[in-house]
Amino acid sequence: MPTAIFASFESGIIYAIMALGVYLSFRILDFPDLTVDGSFVTGAAVAATMIVSGVNPVIATLTAIVIGFVAGCITGLLHTFGKINALLSGILMMIALYSINLRIMGRSNVPLLSQDTAFTGVEGFWSPLGIDAALNKLWVAVGLGEPVPGTWSILFIMTIITLVIKFLTDAFLKTEIGLALRATGDNQRMIRSFSANTNLMIILGLGISNGMVALSGALIAQYSRFADVGMGIGMIIIGLASVIIGEALFGTKSIARTTLAVIGGAIIYRLVVSMALRVDFLETGDMKLITATIVILALVMPKVMERYKDKKRKAERMAERVNKAEVSGRKGDGGVTVKSNS
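Parameters at a glance
Residues numbered from 1 in each chain as written. Predicted model: local features only at pLDDT ≥ 70, side-chain atom pairs only at ≥ 80, totals over all residues. Heavy atoms only, no water. Phe/Tyr/Trp six-rings, centres within 6.5 Å; stacked < 30°, edge-to-face > 60°. Helix = DSSP H or I, 4+ residues; strand = E, 2+ residues; numbered from the N terminus. Salt bridge = Lys/Arg side-chain N within 4 Å of Asp/Glu carboxyl O. Buried < 20%, exposed > 50% of the residue type's maximum accessible area, 1.4 Å probe, protein only. Core = buried A, V, L, I, M, F, W, Y, C linked by side-chain atoms within 4.5 Å. Contact = heavy atoms within 4.5 Å. Patch = residues over 30% accessible without salt bridge, like charges linked within 9 Å, V, L, I, M, F, W, Y side chains within 5 Å. Areas by Shrake-Rupley, 256 points an atom, 1.4 Å probe, with all protein chains shown as cover. Lys, Arg positive; Asp, Glu negative; His and termini not counted. Charge placed at Lys NZ, Arg CZ, Asp CG, Glu CD. Polar contact = N/O pair within 3.5 Å; in protein donor to acceptor, adjacent residues only side chain to side chain. Axes fitted to C-alpha atoms, helices over the stretch in contact; angles between N-to-C directions. Parallel < 35°, antiparallel > 145°, perpendicular 65-115°, else oblique. Left-handed = near helix turned anticlockwise from the far one by under 90°. Nonpolar A, V, L, I, M, F, W, Y, C, P; charged D, E, K, R; others polar.

K.L.:
When you look at the packing of aromatic side chains in this model, what are you seeing that I'm missing?
P.N.:
Given two aromatic rings, their pairing is described by the distance between the two centres and the angle made by the two planes. What the rule picks out here adds up to four aromatic pairs. With a centroid separation of 6.4 Å and 85 degrees between ring planes, the pair formed by F119 and Y223 is classed as edge-to-face. Separated by 104 residues along the polypeptide, F119 in helix 5 (residues 118–126) and Y223 in helix 10 (residues 198–224) bring together distant segments of the chain.

Following this line, the structure appears as structure tokens:
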């Protein structure tokens, strides 16, 4: 059980990068971008194919980001210059990317079992340091028992990378371009009155979003040691679940807090899925059903809680009014003298 939780943290911190990309398109730009299901696989396909061809894993991962950025920009072009509905432009790009991904890989699945990945290099640097042995002793000492994690290097390096991306996103959204991007999502007509090019903002925002999604796909492919043409199915739902869960649990008072909430939501989502799959009557094939259920609960529960709080506040206000009326009534009965005219 503890190792399953550890693995959920590892994968969750990688998926958090994808969730940050979804946050940019859905929350910042208010754009329902379904390109994510395709660009996630594109990142995995590009990275896996290049690694198999002997390219350095870091260069392969950076190339995946660029290709994902281009895919997002094309979706933006379809919407802004092609005047295609936002939802439909994302669907069209997602469908096109399915064939493109097959072309990139040359087959439906590219294994990386015998290949060196970015994580292999990290593990090679990490192992001689002796940090794993110390952390595993602590793992046993606190009562988590056997088996212990094989290596802590992936969790360590991915936490750093994800936090760096989070801080860069926060800083970018506070720049002049970032503020224009946020304003485009809030009110396009208003930002146009300040001579801002909203079409360019949409294209740029979708490009950055899908670049982050492709990065997550490339890292997941190297983490799981394979790239598959179907690995992106339902990825947009996972991203939305992470965003919604994070916002519901940690709040959205500021950009920095919201992006941190998205990362937390991605990790919690992986933990919930991991726990759910340990239930006897659920199987691995039920994962999409579990995902849909989590999203439904994440959407419905905050509204139910808000209605409950509203009813509670109304009841308290009504009780206060009744108490005030009773107090004023008692004062009137005791303090007013009625004079007789007779």
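Right, picking up where we left off after that structure.
K.L.:
When you look at unusual backbone geometry in this model, what are you seeing that I'm missing?
P.N.:
Leaving glycine aside, a negative phi is the common case for residues, and trans is the common case for peptide bonds. Backbone geometry places D30, a non-glycine residue, at a positive phi of 55 degrees. Looking at where D30 falls in the secondary structure, it is placed in the loop between helix 1 (2–28) and helix 2 (36–52).

K.L.:
It is not clear to me how the pattern of salt bridges should be interpreted in this structure. Could you clarify?
P.N.:
If the charged atoms of two oppositely charged side chains come close together, the side chains can form a pair. Tallied over the entire structure, the rule returns four salt bridges. Its salt-bridge partner being R27, residue E247 comes within 2.9 Å of it at the nearest N-O pair. Of the two residues, E247 is situated in helix 11 (residues 235–250) and R27 in helix 1; the sequence distance between them amounts to 220 residues. Accessibility expressed as a relative area gives 41% for R27, which makes it partly exposed. Ionic pairing is found between D310 and R313, a salt bridge with its closest N-O pair at 2.2 Å. Here R313 and D310 lie together in helix 13 (residues 287–335), a separation of three residues that amounts to about one turn.

K.L.:
Just checking my understanding: could you explain the nonpolar core for this structure?
P.N.:
Proteins that are soluble and globular tend to have nonpolar side chains buried together. By size, the foremost hydrophobic cluster in this structure holds 67 residues, and its most contacted members are M18, V22, F40 and M158. It is helix 1 that provides the largest number of residues to this core, a total of 13 residues. In contact with V22, other than residues within four places in its own chain, are R27, V36, S209, I236, G239, L240 and V243. Residues F6, W126, W139 and L155 belong to the second largest nonpolar core, which totals five residues.

K.L.:
Is there a simple way to think about a nonpolar patch on the surface in this case?
P.N.:
A cluster of nonpolar side chains, namely V66, I67, F69, V70, I74, L77 and F81, defines an oily patch on the protein surface of about 580 Å² accessible area. Take L77: it is sitting in helix 3 (residues 57–80). By relative accessible area, L77 is classed as partly exposed at 40%.

K.L.:
Can you walk me through a positive patch on the surface in this structure?
P.N.:
Together, K303, R307, K311, K314, R317, R321 and K324 make up a region of like positive charge exposed at the surface. For R321, the location among the structural elements is in helix 13.

K.L.:
For this particular structure, what's the right way to read the environment of T162?
P.N.:
Turning to its location among the elements, T162 is positioned in helix 7 (residues 153–173). C-alpha separation for the pair T162 and G38, spaced 124 residues apart in sequence, amounts to 21 Å. Ignoring sequence-local partners within four residues, the contact set of T162 consists of I13, A16, I17 and I263. Among the polar contacts made by the side chain of T162, one reaches the main-chain carbonyl oxygen of I13 at a distance of 2.9 Å.

K.L.:
Explanation requested: the packing of helix 7 against helix 12 (residues 255–276) in the structure shown.
P.N.:
A pair of packed helices is characterised by two quantities: the angle between their axes and the separation of those axes. Contact geometry for helix 7 and helix 12: axes closest at 10 Å, N-to-C directions at 150 degrees. As far as their axial angle goes, helix 12 and helix 7 are roughly antiparallel. In this structure, helix 7 crosses over helix 12, and the sense of that crossing is right-handed. Of the residues in helix 12, those in contact with T162, K166, T169, D170 and L173 of helix 7 are I255, A256, T259, L260 and I263. Tallied by class, residues from the contact of helix 7 with helix 12 come to five nonpolar, three polar and two charged.

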